[in-house]
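Take a look at the letters that make up each chain.
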Amino acid sequence: MLLRIKNLVIKEFIQLRRDRIFITFILLFPAVQLSLIAQSTSRGWNHLPIAIWDQDHSTASRQLITALDVTEELDVRYHPRSLAEANVLLTEGKATMVVVIPAGFSRDLTRPTRPPQVQIIVDGTNNILASTALGTAEGAITEFVRRLTRASPQFVEMPIELRAAVRFNPAMNVQYQAIPAQMGFIIYEVVLVVAATMLARERELGTLEQLAVTPLSRFELITGKAIPAAVLGLLNFAFMLGVMVYGFHVPMRGSLLLLFGVTLLFIAVEIGWGMLISAISRTQQQAILLVFIVAMTDVSLSGYMVPVKNMPAFLQAISILSALRHYLAALRAIALKGAGLSAIWPEVMALAGLAVAAGMASLALARSRWD
């Protein structure tokens, strides 16, 4: 069985080598596309989840929490009891911002010699969300002080000293968000297009029937067709990662081995969907059209353009089926936050489940179409 798969793989690479325009497009165009997107990126989100670490537990601190929560842009969802717990919320992407209210906050509001302090820690991996959260918090806190001093004469009218810290992206560089997203989408494009045209090309050339009568089983045929797509996807991943880290200086803070494993799962999912498209397409042109439709849907649901948390509830539910959504979340977490498997295990499990489902679906359809 291994020898037959090996021979089919060699045959596929020979056929790819003959199509020089196609192989040049697959290997060189992604780098051009990534460079263009990186150079062209430029600098109102609502209901951003935030965490409040209240060490004061006073009436004034509760009023400040309410002032932040009533804004349209911010939702107070978490109340960590330590800085370590707050950092976990930021690393796992559950909170966009953590507001730390120190002990003695209420007391300092009545002292003219010592301004009260509030610390704000923002997740900077998405600079737009970070800027929105930080600006909204500053405005809400300023308005809170103004209302408090008007209502209670014992409070001294002075600005609260805000100490803002941006995690993971201190310079708020927009490329830290845009380039990993574009890298994930390029891998998605390459793998899906290659996998979707494999069987469609054989059918268009009239050689699919020849393969169907060979000693190859359907599993061997699918595997032999999938391996070249996986190899090309991994080559693009390695090349794009080098361009991202060394060309545009986007940090790679996490485990390269973990990122490689997650990428392999993502590639497996897209190969499954690509082979499914290829099995139902009669021509390569039809396969490419279906890829375009699927890609536009995936991009809309993946958080590539609009954060998933800002979508309507029914779209958020549908987006669970988008492998691109889970991969982009894992890619950003590993590269920018240095997250480990414990932080991204939901994304890993989702990708593994989708890989199994897509693989079984493509194999079942191939059997039903050819047997």
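Residues numbered from 1 in each chain as written. Predicted model: local features only at pLDDT ≥ 70, side-chain atom pairs only at ≥ 80, totals over all residues. Heavy atoms only, no water.

Some points on a nonpolar patch on the surface
Taken together, the side chains of Phe13, Ile227, Val231 and Leu235 present a nonpolar region at the surface, about 290 Å² in accessible area. By residue number, the principal contributor to the nonpolar patch is helix α9 (residues 218-247), which donates 3 residues. As for its position among the elements, Leu235 is in helix α9. Note on Leu235: relative accessible area 49%, which makes it partly exposed. (Patch = residues over 30% accessible without salt bridge, like charges linked within 9 Å, V, L, I, M, F, W, Y side chains within 5 Å. Areas by Shrake-Rupley, 256 points an atom, 1.4 Å probe, with all protein chains shown as cover. Salt bridge = Lys/Arg side-chain N within 4 Å of Asp/Glu carboxyl O. Helix = DSSP H or I, 4+ residues; strand = E, 2+ residues; numbered from the N terminus. Buried < 20%, exposed > 50% of the residue type's maximum accessible area, 1.4 Å probe, protein only.)

Details of the sheet that holds strand β4 (residues 117-123)
Read from one edge to the other, the open sheet built from 5 strands follows the order β2-β1-β3-β4-β5, with strand pairing classed as mixed. Here the strands that pair on one side only, and so sit at the sheet edges, are β2 (74-78) and β5 (161-167). In this sheet, adjacent strand axes meet at a mean angle of 30° when their direction is disregarded. Looking at chain direction, β4 and β5 are connected through 7 bridges and run parallel. In the sheet register, Ile121 faces β5, and the bridge partner there is Ala165. (Pairing = 2+ DSSP bridges. Axes fitted to C-alpha atoms, helices over the stretch in contact; angles between N-to-C directions.)

Quick notes on the pairing of β2
Two elements, strand β1 (residues 48-54) and β2, share 4 bridges in a ladder whose sense is parallel. Each bridged residue has a counterpart across the sheet, and for Pro49 the counterpart in β2 is Asp75. Crossover connection from β1 via helix α3 (residues 59-69) to parallel β2: handedness right-handed. (Right-handed = clockwise from strand over helix to strand, strands pointing away.)

A closer look at the pattern of salt bridges
A full pass over the atoms with the stated rule returns 6 salt bridges. Arg107 is paired through a salt bridge with Asp108; the nearest N and O atoms lie 3.8 Å apart. On the basis of relative accessibility, which here comes to 39%, the residue Arg107 falls in the partly exposed class. The exposure class of Asp108 is buried, given its relative accessible area of 6%. For the salt bridge of Glu143 with Arg146, the shortest nitrogen-to-oxygen distance reads 2.6 Å. With Glu143 and Arg146 both in helix α6 (residues 127-151), this residue pair falls 3 residues apart, about one helical turn. Residue Glu143 is classed as partly exposed on the basis of its relative accessible area of 30%. One network of salt bridges, in which partners are shared, links Glu143, Arg146 and Arg147.

So, the packing of aromatic side chains
Summed over all chains, the structure comprises 4 aromatic pairs. Taking the centre distance of 5.9 Å and the plane angle of 20° together, the rings of Phe185 and Tyr188 count as stacked. Taken together, the positions of Phe185 and Tyr188, both in helix α7 (residues 175-205) and 3 residues apart, correspond to about one turn of that helix. The burial state of Phe185 is the same as that of Tyr188; both residues are buried. Ring geometry for Phe266 and Tyr327: centres 4.3 Å apart, planes at 0°, overall stacked. Of this pair, Phe266 sits in helix α10 (residues 256-280) while Tyr327 sits in helix α13 (residues 323-337), and the two are 61 residues apart along the sequence. For the pair Phe266 and Tyr327, one class covers both residues: buried. By the ring-pair criterion, three or more aromatic residues cluster together here, those being Phe185, Tyr188, Phe266 and Tyr327. (Phe/Tyr/Trp six-rings, centres within 6.5 Å; stacked < 30°, edge-to-face > 60°.)

Remarks on the environment of His47
Its location among the elements puts His47 in the loop between α2 (20-40) and β1. Taking relative accessible area as the criterion, His47 reaches 42% and is therefore assigned partly exposed. Sequence separation between His47 and Thr71 is 24 residues; the distance between their C-alpha atoms is 8.4 Å. If we skip the residues at most four places from it in the chain, His47 touches Glu72, Glu73, Leu74, Asp75 and Arg77. (Contact = heavy atoms within 4.5 Å.)

Observations regarding unusual backbone geometry
A negative phi angle is the norm for most residues apart from glycine, just as the trans form is the norm for most peptide bonds. Phi at His57 takes a positive value of approximately 55°, unusual for a residue other than glycine. Non-glycine residue Phe168 carries a positive phi angle of around 70°. Within the secondary structure, Phe168 sits in the loop between β5 and α7. Accessibility expressed as a relative area gives 8% for Phe168, which makes it buried.

Considering the nonpolar core
Judged by nonpolar contacts, the single largest core of 64 residues is most densely connected at Ile187, Met244, Val262, Phe266, Ile271 and Ile344. Put simply, the parts of the chain that give this core at least two residues each are α7, α9, α10, α11 (284-301), α13 and α14 (341-370). In this structure, Ile271 is in contact with Val191, Ala195, Ala226, Ala229 and Ala230, ignoring residues within four places of it in sequence. Counting 31 residues, the second largest nonpolar core, distinct from the first, contains Val76, Ala130, Ala137 and Ile141. (Core = buried A, V, L, I, M, F, W, Y, C linked by side-chain atoms within 4.5 Å.)

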